[in-house]
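The chain contents come next:
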Amino acid sequence: MTASVTVSHPHGNPNSYHAAKAFADTGLLNIFERGFVTGRFASKALADLPQGRKALQRGLGQLANGGNRQHLLWEVISRVGKRLKSTGPTQKVSWYDVLYCGHDWQVSKALRKGMTAVYAYEDGACLTFREAKRTRAATIYELPAGYYAGVAHELDRARDNSREPVFNIKTEPRWKMRRKDHELSLADVIVVPCEWAAESLRFSGINTEKAVIKVPYGTPAVEVFPKLERPRGPFTVLFAGQVGARKGVPYLLEAWSQLGLKNARLLLAGGMKLNDAFLSRYSGNFEYLGALPRLQLLKLMKEVDLLVFPSLAEGFGLVIGEAMAAGTPVLTTTNTGGPELITNGREGWCVPAHDAQVLAERIEWAYQHRDELFEMGRRARQRAEQWTWADYRHSLIEKIMPHLNGVAASSSSYVEV
C-alpha cells in the first residue's frame, strides 16, 4: 500500500513546510494542515494585527503534490486576543497555547481513515495523535526545541549560577507539561533536529524502544547570496533571537562587558525577554534593534563580522544556517544545532554553554583576526551549500521510510487520558 502522510503545524514555518514538501515531492503527502492562509484576504486580515506582517512573510507557497488545508481562525483569534490582553486569556494559558491547541483540535476533527501516518509538532499534536490512534495511523512527533524537562534543566543551571535573580525564567504550567508528556507517549517515531535535542529526551523517561530520528534543518544557501568582501568600519557582533536567558544572552553581555573592545559594536535583534533591572548592569554596552523582518535580518547578517548565538537549550537555531549562508561565521554552543553544521574552529566555534569566559576568548580572537574571520565566513558559506533544505528533505524521507511501512500496522490502540 502506498504511504499517505498528513503533516500538521499551526503556522507554516520553514521546518514544517519543508517536511511537508519532502512528503509531497515523493508522492507521500495526503494533506498539509497549516494555520496560515495565503492570498488577498489573509493579507488584509493579518496586516494590521500584532506581528501580522511578520506572519505574512511565512507564506512559503503551495505544494505541487498533496493538498493544503489552510486555517486562519486560530491565528486571528490568538493575534486579536494578544492585542486585547497581551498576557493571555488566563495566567496559565497564553495566546500561543490558544493557537496550538485550537489548531490541534481542528485538525483532529478533519482526520480520515486510510492514512499511513500523521506528522505533527510539539504542543499541537495531542488530540491529533489520539484520533490517529483510532484510525491506526502511525504518529510521527517532531520536537523542534527539545524536550521541555531538558530545557528546564539548563535554565535551572543558569538560575543557580546567576549572581542575582534579576532575569526572569519562564516555567511551563503543569497542565502543559502533562499535555507534552501525553503527546510524547502517543508518538511512534520522534524526530529531532540536533544531538542536544536527542539528549534532552533522557529527562522524559520515555520507552527506550521508541525510534528517535535526527535530521538537522537545512540552510537557505539557495536563496541567500553571501557577502563578497570583509565588513568595514567597527568590528560588529550580532545576536539574533529572543533576547533572553534561554538563548544565553546574559552570558554574551557578561563576555562583551569583560572585553571592553574599542571601535566595536554588539547588536541584539529580537524580542526582549530580559528585565530592566538586569539590562541596567550593561547599559551602553549594546545596541538593541528589536525584532527585525527576516529579509532585513538576512541583509544585516552580511554586514557584520560574527554571529554569536550562545543558547543554553536549543532544538536547532535556524539563524545559524542563515548566517553561514550569508558568509558570516558563527560562535554558538554545543546545546544547539551548531555541531551539526560547524567543524569547531573551521566555520565558526561550538563551545560549552553557560560559559561567559570562553565566549569572551573567541570574540577577542575574532576581533584581533578580522581577515582570518572573513575566510572562516567563506568556509561557512561552503558548508551551508553542502546542507540545504533540499538535503534536509532527502534525509528526512530516507530515515522515515523504513518506519512508515510497519509502524502503522503495529500502532498501539487508542489510549485515554
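Scroll up for the structure.
These numbers were taken from a predicted model, which means no experiment stands behind them.

Definitions and limits used
- Residues numbered from 1 in each chain as written.
- Predicted model: local features only at pLDDT ≥ 70, side-chain atom pairs only at ≥ 80, totals over all residues.
- Heavy atoms only, no water.
- Pairing = 2+ DSSP bridges.
- Helix = DSSP H or I, 4+ residues; strand = E, 2+ residues; numbered from the N terminus.
- Axes fitted to C-alpha atoms, helices over the stretch in contact; angles between N-to-C directions.
- Buried < 20%, exposed > 50% of the residue type's maximum accessible area, 1.4 Å probe, protein only.
- Right-handed = clockwise from strand over helix to strand, strands pointing away.
- Core = buried A, V, L, I, M, F, W, Y, C linked by side-chain atoms within 4.5 Å.
- Contact = heavy atoms within 4.5 Å.
- Left-handed = near helix turned anticlockwise from the far one by under 90°.
- Nonpolar A, V, L, I, M, F, W, Y, C, P; charged D, E, K, R; others polar.

### Side note on the sheet that holds strand 8 (residues 235-240)
Across the sheet, 6 strands lie side by side as 10-9-8-11-12-13; this open sheet has parallel pairing. The sheet is open, and its two borders are formed by strand 10 (287-290) and strand 13 (348-351), each paired with just one other strand. With strand direction ignored, the average angle separating the axes of adjacent strands in the sheet is 20°. Taken together, the 2 bridges between strand 8 and strand 11 (residues 306-309) define a ladder with parallel strand orientation.

### Observations regarding the pairing of strand 5 (residues 138-142)
For strand 5, the buried fraction is high: 5 of the 5 residues fall into the buried class. By the alternation rule, side chains of strand 5 split into Ala-138, Ile-140 and Glu-142 and Thr-139 and Tyr-141, which are all buried. By the bridge criterion, 5 bridges tie strand 4 (residues 117-121) to strand 5 in an arrangement that is parallel. Paired with Tyr-121 across the bridge in strand 5 is Glu-142. Note on the crossover from strand 4 through helix 6 (residues 126-134) to strand 5: the handedness is right-handed.

### Focus: the nonpolar core
In a soluble, globular protein the nonpolar side chains are often hidden away together inside. Core analysis: the largest hydrophobic core is formed by 120 residues, its most contacted members being Phe-23, Tyr-119, Leu-253 and Ile-363. For this core, the element with the highest residue contribution is helix 10 (residues 249-259), accounting for 7 residues. Residues in contact with Ile-363, not counting those within four places in the same chain, are Phe-235, Val-237, Leu-252, Trp-256, Leu-259, Leu-261, Leu-306, Val-308 and Leu-331. Among the nonpolar cores identified, the runner-up in size contains 5 residues, and Trp-74, Trp-95, Val-98 and Tyr-100 belong to it.

### Quick notes on the packing of helix 1 (residues 14-25) against helix 17 (residues 389-404)
Packed helices, taken two at a time, are described by the angle between their axes plus the distance between the axes. Where helix 1 meets helix 17, the closest approach of the two axes is 9 Å, and the angle between their N-to-C directions is 65°. The two elements helix 1 and helix 17 meet at a crossing, and its hand is right-handed. Of the residues in helix 17, those in contact with Pro-14, Asn-15, His-18, Ala-19, Lys-21, Ala-22, Phe-23 and Asp-25 of helix 1 are Trp-389, Tyr-392, Arg-393, Leu-396, Ile-397, Ile-400 and Leu-404. When the residues that make up the contact of helix 1 with helix 17 are grouped by side-chain class, the tally is 10 nonpolar, 2 polar and 3 charged.

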